[in-house]
Amino acid sequence: AFGLVLSSQALNNGNDDLLFIAVGQINRGGPGAVSNPLQKTMIASLNMNVGTKAVSLSDFASALDYFKHGILFLNQNHWENQYALSNELYGAAAEAACEINDPQLVMTFSDQLLSNSKSLEDRLNAMYIVVKSFRRAMLFQESKKFASNMLELLGEELPRPMGDSQLISDIRTMHGVISELSDDSFLNLKRAHDKKQIFIVKAYHELLLLFHIVAPNLMFSVCLRIVQVSLTVGITESSPIAFAHFAVLLLEIGDLSQAHRLGSLALQLAQELNVYGQSSMIIGIVQQYIAWTSEPLQSIAESHLFGYNTGMQAGDIGSSLLNYNFFVSTSFYSGKHLDVVRKISGDFIQELMRQKQKWFVNCTALIHLQALTLIEGPDFDESIYPKHVPSFHEINSTVAQGNRTNLTKHNGVYQLMRAFYFRQYDEMSRAVNILDDFAKKSFTPLKVNVLFGIFYEGLVSFCMARRTKEESWVVKGRNSLSFMKKWQTSSSWNFENKALLLEAELMSLQRNHDQATELYLDSIKSAKNHKFIHEEGIAHELVGYFYHDRGFEADALQSFNQAIRCYNAWGAKAMSQRLVDHIQSDFNLSQSLTARTQVRASIENSLAADALAIQVANIGMSPSPLEGQTKRPHDSD
């Protein structure tokens, strides 16, 4: 009784803290302490109220506890006599269980909803929760099955694959419509009011997330359908994300200008609609799939960190984690110090495991292991290996199962990079055909990891061409070079040094020594100017081999010393040591006091530079998940 009095006072005074205390006290007594059916109904409603407040604070575990207690206080035959409240509590409990990634509990509540629903709307809502929960729990086929049933109930056609000629025609038609739409007209599109259409867009939004994982060739059909509904019936809270995905599609058909415009408008539209929870997802989509064509990778990494914080502030945990995943990978590719990459990736995996968000774990583990390998070497001591990080063996076992397309691509790229870094020629000879695989899949979003995979495929190809004299490797290298040159025209910051280095390697193969020398030096200069310290080191090392092959030992040693300096500034101690070992074994140092002195100085500078780089990196270390907020570089202080 005292708890009920307190709750009444809390409601009258608008005191949420007191309300939480009051309802908590009532729940400790349990339903057995209350015999009056009206009081039980009131307590069930109070738990619904307080649980909803907990959801608004992103405290989903507490919210679930309140909803479960609310269900316990429902009367007998509650599905008949208290249908609306029962539907609310079970639905809210299923949603909260979904947020904490407990699919078994989701099904417990959803089964009740599906068995007792009295309307199509209620049944569809229950199915939507199940689809979302199964996706988050990585039960993708189960999620896809429920999604198909949901579309059938809605009277919607199943999504069409990208090979469908009519779909491609419809996409091009929509491209024309959007291109003709002014910015003001776009931002002032009418709002949708039809409940069914609103739910259709909401359901398709969930399918976008699911198909991104299990059926990428169906994504753009779903995206097009949301855009069609948004432009004809009216926009909903899910429309901005669909427009962001359509912006990616515009990039794939070659309209960079409209892609950037629509991506920016999608973010503005989310702000106009006050759906700030969508901003994080839109930032993730636009930055990962579009922004690399014009913005520096270093800036993109920081934008993803901003997207992470935006999502956390809005309670959008999923989009926040997506952005942090992109932040970690883009930090690695842009040349962040490896000790920083190792820390942020390891902390992120720990946070993912705590939140039971397993989807990003393996991809992040690959980055962590890549950093560890570059620091410690390919055969690093397993005693330094964090227990919560999956091993290469565990990841390869998952890849072998064949149902993780994205993970397989990531794994192939990192294997290729390691083979090049440590001159593992057997591994190089088995290199994956990243560019060919990408070219075969029309309308496939181009991501940063694929871009870097194509760059390293070019480096490996020219290396193997030099070693085997086989023309097929030269052809692969040329193709990678053409690809880098194509994107160099849109972003010299990200691609100029890569195109120059690949062209230098080609000229070296063709014995065009003067042009090769100029290209190597231009690549080094470009990498330095654009802050790619790791790629500056690679260019120094390759020009060192170029000089050495031509008999210019002093120039070669100077270049190798510069490569060691760069590798240590990056934190790649194992790469530095590999190069030091190469110098000591391949050069006749005993006959050259100057050369011997250079190698000794190289090793000493290597250690000093590494210690200094670690200190600098630790000073500027980016925060791990939940360590506070950050601002984008261009925000005012």
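Structure shown above.
Computed from a predicted structure; not experimentally measured.

Go over the overall build of the protein with me, naming the residues and quoting the values.
Looking only at helices and strands, the protein has 32 helices and zero strands in total. Long-range pairs, those at least 24 residues apart, make up 67% of the contacts in the protein with a sequence separation of at least 6. Accessible area of the protein: about 27,000 Å², with a carbon and sulfur share of 50%.

Which residues make up the packing of aromatic side chains, and what values do they have?
Tallying each qualifying case throughout the model produces 24 aromatic pairs. Relative to W570, the ring of F332 lies with its centre 6.3 Å away and its plane at 35°, an arrangement referred to as tilted. Residue F332 is found in helix 18 (residues 317-333), and its partner W570 is found in helix 30 (residues 553-570); the two are separated by 238 residues along the sequence. Taken as a pair, F332 and W570 share a single burial class, namely buried. Every member of this aromatic cluster is reached through a ring pair, and the members are F332, Y333, Y414, F420, Y421, F452, F455, Y456 and W570. Note that K202 overlies the ring of Y128, its terminal NZ or CZ placed 4.5 Å from the centroid.

Account for the nonpolar core, with residues named and values stated.
F246, W292, F332, Y421 and Y456 are the most contacted members of the largest nonpolar core, which totals 209 residues. Per-element tally for this core: the top contributor is helix 25 (residues 448-468), with 13 residues. Sequence-distant contacts of W292, that is, excluding residues within four places in its chain, are made with L251, Q287, L297, I300, L446, V448, L451, W487, S491, N494 and F495.

Describe helix 15 (residues 256-272), listing the residues and the values that go with them.
Taking 1.5 Å per residue as the helical rise, helix 15 with its 17 residues ought to reach 24 Å, and the 24 Å between its terminal C-alpha atoms agrees with that figure. Within helix 15, the full set of buried residues consists of Q258, A259, R261, L262, G263, L265, A266, L269 and A270. Elements in contact with the buried residues of helix 15: helix 10 (165-180), helix 11 (183-187), helix 14 (239-252) and helix 16 (276-289). Of the residues flanking the end of helix 15, it is N274, one or two places downstream, whose phi is positive at about 60°.

Describe in detail the environment of F587, supporting the description with residues and values.
Considering the arrangement of structural elements, one finds F587 in the loop between helix 31 (573-586) and helix 32 (593-619). Counting along the chain gives 39 residues from F587 to H548, while the straight-line C-alpha distance between them is 9.2 Å. Non-local contacts of F587, meaning those with residues more than four positions away in its chain, are made with H548, E553, A556, L557, F560 and H582.

Provide a residue-level description of the packing of helix 29 (residues 533-549) against helix 30, including the pertinent values.
Here helix 29 crosses helix 30 at 160°, and the two axes come no closer than 8 Å. Relative to helix 30, the element helix 29 is oriented roughly antiparallel. In this structure, the crossing between helix 29 and helix 30 has a hand that is left-handed. Contacts from I533, H534, E536, G537, I538, H540, E541, V543, G544, Y545, Y547 and H548 in helix 29 reach D555, A556, S559, F560, Q562, A563, R565, C566, Y567, A569 and W570 in helix 30. A per-class count over the contact of helix 29 with helix 30 returns twelve nonpolar, seven polar and four charged.

Lay out the side chain of H205 with the relevant residues and their values.
Mapped onto the fold, H205 is located in helix 12 (residues 195-214). H205 sits in the buried class, given a relative accessible area of 14%.

Break down helix 17 (residues 297-314) for me, citing the residues and quoting the values.
Turn by turn, an α-helix covers 3.6 residues, leaving residues three or four places apart pointing in a common direction. Helix length check: helix 17, at 18 residues, gives a terminal C-alpha distance of 26 Å against a target of 26 Å (1.5 Å per residue), a fit within 8%. Buried within helix 17 we find L297, I300, A301, E302, S303, H304, L305, G307, Y308, N309, T310 and G311. Contacts made by the buried residues of helix 17 are with helix 16, helix 18, helix 25 and helix 27 (492-509). Remark: G315 follows helix 17 within two positions and exhibits a positive phi of approximately 80°.

Tell me about the pattern of salt bridges, and please be specific about residues and values.
Here the structure, examined in full by the defined rule, presents 17 salt bridges. Salt-bridge contacts for D347 lead to K343; the nearest nitrogen and oxygen are separated by 2.8 Å. Within this pair, D347 and its partner K343 are both found in helix 19 (residues 338-354), separated by four residues, close to a single helical turn. Assessed through its relative accessible area of 22%, D347 is described here as partly exposed. The salt bridge partner of E351 is R354, with a shortest N-O separation of 2.7 Å. On the criterion of helical spacing, the pair formed by E351 and R354 is a turn pair, its members being three residues apart in helix 19. Within the structure, one salt-bridge network assembled from shared partners comprises R423, E541 and R578.

Here is what the cut-offs are and how they apply
- Residues numbered from 1 in each chain as written.
- Predicted model: local features only at pLDDT ≥ 70, side-chain atom pairs only at ≥ 80, totals over all residues.
- Heavy atoms only, no water.
- Helix = DSSP H or I, 4+ residues; strand = E, 2+ residues; numbered from the N terminus.
- Contact = heavy atoms within 4.5 Å.
- Areas by Shrake-Rupley, 256 points an atom, 1.4 Å probe, with all protein chains shown as cover.
- Phe/Tyr/Trp six-rings, centres within 6.5 Å; stacked < 30°, edge-to-face > 60°.
- Buried < 20%, exposed > 50% of the residue type's maximum accessible area, 1.4 Å probe, protein only.
- Lys NZ or Arg CZ within 6 Å of the ring centre and 35° of its normal.
- Core = buried A, V, L, I, M, F, W, Y, C linked by side-chain atoms within 4.5 Å.
- Expected span 1.5 Å × (residues − 1).
- Axes fitted to C-alpha atoms, helices over the stretch in contact; angles between N-to-C directions.
- Parallel < 35°, antiparallel > 145°, perpendicular 65-115°, else oblique.
- Left-handed = near helix turned anticlockwise from the far one by under 90°.
- Nonpolar A, V, L, I, M, F, W, Y, C, P; charged D, E, K, R; others polar.
- Salt bridge = Lys/Arg side-chain N within 4 Å of Asp/Glu carboxyl O.

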